[in-house]
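Geometric and topological summary
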Amino acid sequence: MKEKRISIGSIEGELSEARNEVLTGYLGEYRPDMEVVTISIRTTEKNESTAEAAAESENALEDALRSGLTDLTFRDLTEIPYQIPDELPIVAYAKRTDSRDALVLPKGKARPDPSRPMATTTLMKAVQLKQIFPDFRFAIAKGTISGLVERVDDGHYSGIVMPSADLVLSGFQQRISRYFAEQELMPDPGQGILAAQGRAEENYSYLEGFSDEESACEAVSERVFADMVTRGRSAAASASARIEDGTLILRGLCYDRKIKKLTRGVISGPASKAGALGASLAEKLRAECGMD
């Protein structure tokens, strides 16, 4: 008989099962004493606004945690708002996978067609990609991975740039025609990291062996940076942190939407000061971009 039962919640979707297997696989191997169940949470999906749809999903996941329907939620860190309730903290970070973005072209094509728009998933990626592909128009595309790839194959887009980790999890790794180094296309904060959110009063010691300390430090620095750059401002942010021999190197990019200005910066210091490093870089770039 299992000693403990835990329920893992996620929004119903194409990637949910593959992402959940990262955590359930670990628990099945290292905590066979636990009964693990996954719960797919449905939303109405009636909102046309992407922002409204994201808020609806967030509310549904938080309500499930508060009510006890789920013991934790597990999803991509880029889907978790920078500001979350104190009573529902992030309790574990999976080891970071590939944080790079990748290009998918229509079947049979060796290069994108500049007569059609190229799609990507966030404003920051579109702004950076314009510097790589100056002759292209860009569109922000949302939807399932399979649906987006289908639109590329149908000729709606000349190609699409999205997180390589999502393409791999969805089984589209063979469709990747190019990876972008982080030096040329900085990823979204937290990209490549899956994270568990839980309740502050709960004991999550069973996740200690799962949670990766380096990923946690990288995530904290990136999220603090992006939150401080964008909160209450007409701005967007990208960030990339890496730890080398205990030193965290954080690269940040902010974009002022009003004056259409990109500002880059880098900072380094002890990984134990991840949050402070993120805040310091944000203050520096805000000043350089004229936000303060």
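Preceding this paragraph is the structure being described.
Please read these numbers as outputs of a predicted model, since none were measured by experiment. (Residues numbered from 1 in each chain as written. Predicted model: local features only at pLDDT ≥ 70, side-chain atom pairs only at ≥ 80, totals over all residues. Heavy atoms only, no water.)

Concerning the packing of aromatic side chains
Convention followed: Working definition: a ring pair exists when centres of Phe, Tyr or Trp rings (six-membered ring for Trp) sit within 6.5 Å. Plane angles under 30 degrees give stacked, over 60 give edge-to-face, the rest tilted. Secondary structure follows DSSP: runs of H or I at least 4 residues long count as helices, runs of E at least 2 residues long count as strands, and numbering of each begins at the N terminus. Relative accessible area decides the class of each residue, using a 1.4 Å probe on protein chains only: under 20% of the type maximum gives buried, over 50% gives exposed, and in between gives partly exposed. Criterion for a charge above a ring: Arg CZ or Lys NZ at most 6 Å from the ring centre, at most 35 degrees from the ring normal.
Scanning the model with the defined rule gives six aromatic pairs in all. Geometrically, the ring pair formed by Y26 and F210 is tilted, given 5.4 Å between the ring centres and 55 degrees between the ring planes. Residue Y26 is found in helix α1 (residues 16-30), and its partner F210 is found in the loop between β10 (194-197) and α6 (213-230); the two are separated by 184 residues along the sequence. Of the two residues, Y26 and F210, both sit in the buried class. By way of ring pairs, the aromatic residues Y26, Y30, F74 and F210 are connected into one cluster. Sitting over the ring of Y179, R100 keeps its end group 4.2 Å from the ring centre.

Some points on the pairing of strand β5 (residues 101-104)
Which entries qualify depends on this criterion: In this description, strands pair whenever DSSP reports at least two bridges between them.
Here β5 shows a buried face lined by D101 and L103 and a second buried face lined by A102 and V104. By the bridge criterion, four bridges tie β5 to strand β8 (residues 159-163) in an arrangement that is antiparallel. Considered in β8, the bridge of V104 is made with I160. Examined bridge by bridge, β5 and strand β9 (residues 176-180) share four bridges and lie antiparallel to one another. Looking at the pairing, A102 lines up with Y179 of β9.

Section: the side chain of S7
Our working rule: Any two residues whose heavy atoms approach within 4.5 Å at even a single point are treated as in contact.
Relative to the assigned elements, S7 resides in strand β1 (residues 4-11). Excluding its chain neighbours within four sequence positions, the residues that come into contact with S7 are V37, I39, L69, T70, D71 and L72.

Comments concerning the packing of α6 against helix α7 (residues 274-288)
For the record, the criterion: Between the N-to-C directions of two axes lies an angle of 0 to 180 degrees, each axis being a line fitted to C-alpha atoms and, for a helix, fitted only over the stretch in contact. When describing relative orientation, an angle under 35 degrees is termed roughly parallel and one over 145 degrees roughly antiparallel, while 65 to 115 degrees is termed roughly perpendicular and anything else oblique. By convention, the crossing between two helices is left-handed when the near helix turns anticlockwise from the far helix through less than a right angle, and right-handed when the turn is clockwise. Under the grouping applied here, Gly and all other residues not named as nonpolar or charged are polar, the nonpolar ones being Ala, Val, Leu, Ile, Met, Phe, Trp, Tyr, Cys and Pro and the charged ones Asp, Glu, Lys and Arg.
At their nearest, the axes of α6 and α7 sit 7 Å apart, and the two run at 30 degrees to each other. In this view, α6 runs roughly parallel relative to α7, as classed from their interaxial angle. Crossing angle aside, the handedness with which α6 passes α7 is right-handed. In this structure, α6 contributes C217, V220, S221, V224, F225, M228 and V229 to the contact, and α7 contributes A274, G275, G278, A279, L281, A282, E283, L285 and R286. Residues that form the contact of α6 with α7 fall into these classes: eleven nonpolar, three polar and two charged.

Here's the deal with the sheet that holds strand β2 (residues 34-41)
Sheet strands pair via backbone hydrogen bonds, and the direction of the pair is either parallel or antiparallel. Here we have five strands laid out as an open sheet, ordered β2-β1-β3-β10-β4, and mixed in their pairing. Edge strands, defined here as strands with exactly one partner in the open sheet, are β2 and β4 (90-93). Across the sheet, the mean angle separating the axes of adjacent strands is 30 degrees when strand polarity is ignored. As paired strands, β1 and β2 are joined by eight bridges and run parallel to one another. Looking at the pairing, S7 lines up with V37 of β2. Against the sheet, α1 makes contact with β1, β2, β3 (72-76) and β10, and its axis sits at roughly 160 degrees relative to β1, the strand it touches most.

Looking at the environment of L23
With respect to the helices and strands, L23 occurs in helix α1. Residues L23 and A94, 71 residues apart in the sequence, show an inter-C-alpha distance of 8.2 Å. When near neighbours in sequence (up to four residues on either side) are disregarded, L23 contacts I8, L72, F74, L207 and F210.

Overview of the nonpolar core
This is how the line gets drawn: Residues enter a nonpolar core if they are buried and are Ala, Val, Leu, Ile, Met, Phe, Trp, Tyr or Cys, with the set joined through side-chain atoms within 4.5 Å.
Among the nonpolar cores identified, the biggest contains 20 residues, and C217, F225, V229, L248, L250, C254 and M291 are the most heavily contacted of them. Among the secondary structure elements, those contributing two or more residues to this core are α6, β11 (235-244), β12 (247-256) and α7. What V229 contacts, discounting residues up to four positions off in sequence, is A235, A236, A237, C254, A282, R286 and M291.

Quick look at the sheet that holds β12
Spatially, the three strands line up as an open sheet ordered β11-β12-β13, and their pairing is antiparallel. With one partner strand each, in any of the chains shown, β11 and β13 (261-270) form the two edges of the open sheet. Within the sheet, the average angular offset between the axes of one strand and its neighbour, ignoring direction, is 15 degrees. Strand contacts of α6: β11 and β12, with the helix running at about 155 degrees to β11, the strand carrying the most contacts.

Digging into the environment of I39
Structurally, the position occupied by I39 is in strand β2. In this structure, the C-alpha to C-alpha distance between I39 and T70, residues 31 residues apart in sequence, is 7.5 Å. Once residues within four sequence positions are removed from consideration, I39 is found in contact with S7, I8, G9, S10, L69 and T70.

Describing the environment of V127
Note on placement: V127 falls in helix α3 (residues 123-132). For V127, a relative accessible area of 15% puts it in the buried group. For the pair V127 and Y82, spaced 45 residues apart in sequence, the C-alpha separation works out to 22 Å. Ignoring anything within four residues of it in the chain, the contact list for V127 reads Y255 and L262.

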